[in-house]
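# A closer look at the structure
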Amino acid sequence: VQLVESGGGLVRTGGSLRLSCAASGIIFSINTMDWYRQHPGKQRELVAFITSDFSTNYADSVKGRFTISRDNAKNTVYLQMNSLKPEDTAVYYCKARNRGGFEYWGQGTQVTVSS
């Protein structure tokens, strides 16, 4: 199983980035896909998730600014991040989880928002 994030980088306040997470080795369509982030010295926090039936949920801190989506044909989940703020600076991780209790993490991608 492999989850590979991409799309991170350096952006100015108010800018946008789109993160991607490509999955292999799992039946992607049956997994709920999560995006987490981790600020330095803090625990990972759930940013958004999308279920197998395309229901979505967001942390209050990103509602209205971030959009999670998935393309099952490409085994990929996305996180569109708009109106970025310095406090969005973190390492972003994707995670796949399913009803069997299995969870798989990607290696993370750094997002830095300059003020």
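Scroll up to find the structure.
Analysis parameters
- Residues numbered from 1 in each chain as written.
- Predicted model: local features only at pLDDT ≥ 70, side-chain atom pairs only at ≥ 80, totals over all residues.
- Heavy atoms only, no water.
- Phe/Tyr/Trp six-rings, centres within 6.5 Å; stacked < 30°, edge-to-face > 60°.
- Helix = DSSP H or I, 4+ residues; strand = E, 2+ residues; numbered from the N terminus.
- Buried < 20%, exposed > 50% of the residue type's maximum accessible area, 1.4 Å probe, protein only.
- Lys NZ or Arg CZ within 6 Å of the ring centre and 35° of its normal.
- Pairing = 2+ DSSP bridges.
- Axes fitted to C-alpha atoms, helices over the stretch in contact; angles between N-to-C directions.

## What to know about the packing of aromatic side chains
- Counted under the stated rule, the structure contains two aromatic pairs.
- Between the aromatic rings of Tyr93 and Trp105, the centroid separation amounts to 6.3 Å while the plane-to-plane angle is 85°, which identifies the pairing as edge-to-face. With Tyr93 in strand 9 (residues 90–97) and Trp105 in strand 10 (residues 103–105), the pair connects residues that are 12 residues apart, well separated along the chain.
- Trp105 sits in the partly exposed class, given a relative accessible area of 35%.
- Through a chain of ring-to-ring contacts, three or more aromatic side chains come together here, namely Tyr36, Tyr93 and Trp105.
- The ring of Phe54 has Arg70 sitting right over it, with the charged end atom 6.0 Å from the ring centre.

## Regarding the sheet that holds strand 7 (residues 66–71)
- Taking strand neighbours across the sheet as the criterion, the four strands line up as 1-3-8-7 in an open arrangement whose pairing is antiparallel. Across the chains shown, the open sheet's two edge strands, defined by having one partner strand only, are strand 1 (2–6) and strand 7. Averaged over all pairs of adjacent strands, the angle between their axes in this sheet comes to 15°, without regard to strand direction.
- With five bridges connecting them, strand 1 and strand 3 (residues 17–24) associate as antiparallel partners. Its bridge partner lying in strand 3, Leu3 is registered against Ala23.

## Describing unusual backbone geometry
- Non-glycine residue Asn75 carries a positive phi angle of around 50°.
- Exposure remark for Asn75: the relative accessible area of 25% places this residue in the partly exposed category.
- Residue Ser83 is not a glycine yet carries a positive backbone phi of 50°.
- Tracing the backbone shows Ser83 in the loop between strand 8 (76–81) and strand 9.
- Note on Ser83: relative accessible area 42%, which makes it partly exposed.

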